Amino acid sequence: MGETCVLRTRRGDGIAGMALVNRLTTVLFDICFAPFVRAPGWLSLITFSVLTAAAGLLVYKYTSNQTAITRTKDRIKANILAIKLFRDDLGVIASSLARVCWHATAMLRFAALPLIIMIVPFVLVMAQLGLRYQWRPLLPSETVVLTAQLADAGSGSVDDARLETSGAVVVDAGPLRIPSEGRVMWRLRGADLGDHRLRVRIGEEVVGKSLVVGDGYDR
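Just so it is clear, the model here is predicted, and its values are computed rather than measured.

Asker: Residue-level account of the overall build of the protein chain, with values.
Answerer: From N to C terminus, the protein chain includes five helices and seven strands. Helices and strands appear in the protein chain in the N-to-C order β-α-α-α-α-α-β-β-β-β-β-β. Within the protein chain, buried positions represent 31% of all 219 residues. Long-range pairs, those at least 24 residues apart, make up 66% of the contacts in the protein chain with a sequence separation of at least 6. Accessible surface for the protein chain amounts to roughly 13,700 Å². Of this, 63% is attributable to carbon and sulfur atoms.

Here it is, written out as C-alpha cells:
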C-alpha cells in the first residue's frame, strides 16, 4: 500500500493565501519543467542549479554595496599581508587577526539585504524542486490512501462524505468512516498517467486535491 495523502476541510485566510501562491508557483514550474520530465534527472538538476545561482549572483550584484565590499576585501587582504610580513610580532598578528574578523563581520552585514530579497523566492523554488526530486508521483498500479479530515469531528458529516474521481483513478477500497475522529479514507489506484483531480464533497462543500500518476520527474 502506498503512503497516505491527507485532505483537510479547514483553511484559514492566511493558509488560503499561501495556497494561492503555491498554486501559481506550481503552474509556472510545471511550464518550465515540462521539457525535463522524461529527461535524465541530472540534466534538469544542473539546469535549474545554474539558473538559480545566476539569479542569486545578479541579485547580490545589484542590491549590495559593491564599493564597500571591495574596500572591505582590500582591508582584509592588507591585514593578512601584515600577518605574513610581521610573523614574528605577536602584537601585530593579534591586531591584524582582530581586524580581519571585524571586516569579515562587515561582509556578512553587506550580504543581509540580498539575503532578505532572495529568501522568499528561493524558498518557493526549493519547495518546487522538492516536489520533483524529493517525492515521486504515484506509479501506475500503485495504491495510495486518501484521508479526508473534517474540522469538526463530532458534526456527523462523515456519513455525507463522497469522493468524486475520473475514470483514470480507481477506488480500490472505501470509504472507511471513523466518526469519532471525523475521518474518511479511500484506497486509490492510478490507472492512467497524468495529473488527475480528486474532489471530496460534503453537502455543498467541495475540496479538491491533485493526484499525479507518472514514471518521470513529475511533481
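Asker: A description of the packing of helix α3 (residues 66-85) against helix α4 (residues 90-110) should follow, citing residues and the corresponding values.
Answerer: Closest axis-to-axis distance for the α3/α4 pair is 9 Å, and the angle between their directions is 160°. By the angle between their axes, α3 is roughly antiparallel relative to α4. Handedness of the crossing formed by α3 with α4: left-handed. In contact with Ala68, Ile69, Thr72, Lys73, Arg75, Ile76, Asn79, Ile80, Ala82 and Ile83 of α3, α4 contributes Val92, Ile93, Ser96, Leu97, Arg99, Val100, His103, Ala104, Ala106, Met107 and Phe110.

Asker: Explain the side chain of Ser64 to me, and be specific about the residues and the numbers.
Answerer: The residue Ser64 is located in the loop between α2 (41-63) and α3 in this model. Assessed through its relative accessible area of 11%, Ser64 is described here as buried. At 2.4 Å, the side chain of Ser64 forms a polar contact with the backbone oxygen of Tyr60. Within the structure, the side chain of Ser64 is placed 2.7 Å from the side chain of Gln66, a separation counted as a polar contact.

Asker: Would you mind going over the pairing of strand β6 (residues 194-202) in detail, with residue names and values included?
Answerer: Summarising the sheet, strand β3 (residues 161-164) and β6 pair through four bridges and their orientation is antiparallel. Looking at the pairing, Ala161 lines up with Ile202 of β6. As paired strands, β6 and strand β7 (residues 205-213) are joined by nine bridges and run antiparallel to one another. Each bridged residue has a counterpart across the sheet, and for His196 the counterpart in β7 is Leu211. In textbook terms, the turn of a hairpin is the stretch between consecutive antiparallel strands, and for β6 and β7 this stretch comprises two residues, one of which, Gly203, has a positive phi near 65°.

Asker: If you had to explain helix α5 (residues 112-133) to someone new, which residues and values would you point to?
Answerer: With 22 residues, α5 extends 29 Å between its outermost C-alpha atoms, agreeing within 8% with the 32 Å of an ideal straight helix rising 1.5 Å per residue. Along α5, the largest kink reaches about 40° and is centred on Ile119; proline Pro121 follows within four residues of it. Among all positions in α5, only Pro114, Met118, Leu124, Val125, Gln128, Leu129, Gly130 and Arg132 are buried.

Asker: Got a sec to walk through the nonpolar core? Specific residues and values, please.
Answerer: By size, the foremost hydrophobic cluster in this structure holds 17 residues, and its most contacted members are Leu146, Leu163, Trp186, Leu188, Leu198, Val200 and Leu211. Setting aside its immediate chain neighbours within four residues, Leu198 contacts Leu146, Leu163, Glu164, Thr165, Val169, Leu188, Val207, Gly208, Lys209 and Leu211. Among the nonpolar cores identified, the runner-up in size contains seven residues, and Phe33, Phe36, Val37 and Val125 belong to it.

Asker: An account of the packing of aromatic side chains is requested, with residue identities and associated values reported.
Answerer: Summed over the entire model, instances satisfying the criterion amount to five aromatic pairs. Taking the centre distance of 6.1 Å and the plane angle of 75° together, the rings of Phe33 and Tyr133 count as edge-to-face. Pair noted here: Phe33 is in helix α1 (residues 13-33) and Tyr133 is in helix α5, with a separation of 100 residues, a long-range link. Following the ring pairs from residue to residue traces out a cluster consisting of Phe29, Phe33, Phe36, Phe48 and Tyr133. Cation over ring: Arg132 sits above Phe33, and NZ or CZ is 5.2 Å from the ring centre.

Asker: So what's going on with the layout of surface pockets? Residues and values would help.
Answerer: A probe matching the size of a water molecule, rolled over the atoms, marks out where space remains unfilled. Put simply, the second largest pocket is a space of about 170 Å³. Contributing to the lining of the second largest pocket are 15 residues, with Asp30, Asp195, Val212, Asp218 and Arg219 lying nearest its centre. Elements supplying a minimum of two residues to the lining of the second largest pocket: α1, β6 and β7. Per-class residue counts for the lining of the second largest pocket are seven nonpolar, two polar and six charged.

Parameters at a glance
- Residues numbered from 1 in each chain as written.
- Predicted model: local features only at pLDDT ≥ 70, side-chain atom pairs only at ≥ 80, totals over all residues.
- Heavy atoms only, no water.
- Helix = DSSP H or I, 4+ residues; strand = E, 2+ residues; numbered from the N terminus.
- Buried < 20%, exposed > 50% of the residue type's maximum accessible area, 1.4 Å probe, protein only.
- Contact = heavy atoms within 4.5 Å.
- Areas by Shrake-Rupley, 256 points an atom, 1.4 Å probe, with all protein chains shown as cover.
- Axes fitted to C-alpha atoms, helices over the stretch in contact; angles between N-to-C directions.
- Parallel < 35°, antiparallel > 145°, perpendicular 65-115°, else oblique.
- Left-handed = near helix turned anticlockwise from the far one by under 90°.
- Polar contact = N/O pair within 3.5 Å; in protein donor to acceptor, adjacent residues only side chain to side chain.
- Pairing = 2+ DSSP bridges.
- Expected span 1.5 Å × (residues − 1).
- Bend = angle between axes of the 7 residues up to and from the residue.
- Core = buried A, V, L, I, M, F, W, Y, C linked by side-chain atoms within 4.5 Å.
- Phe/Tyr/Trp six-rings, centres within 6.5 Å; stacked < 30°, edge-to-face > 60°.
- Lys NZ or Arg CZ within 6 Å of the ring centre and 35° of its normal.
- 1 Å grid on protein atoms, 1.4 Å probe; cavity = no way out; pocket = protein on both sides within 12 Å on 5 of 7 lines; lining within 4 Å.
- Points joined across faces, edges and corners; volume = space filled by probe spheres on them.
- Nonpolar A, V, L, I, M, F, W, Y, C, P; charged D, E, K, R; others polar.

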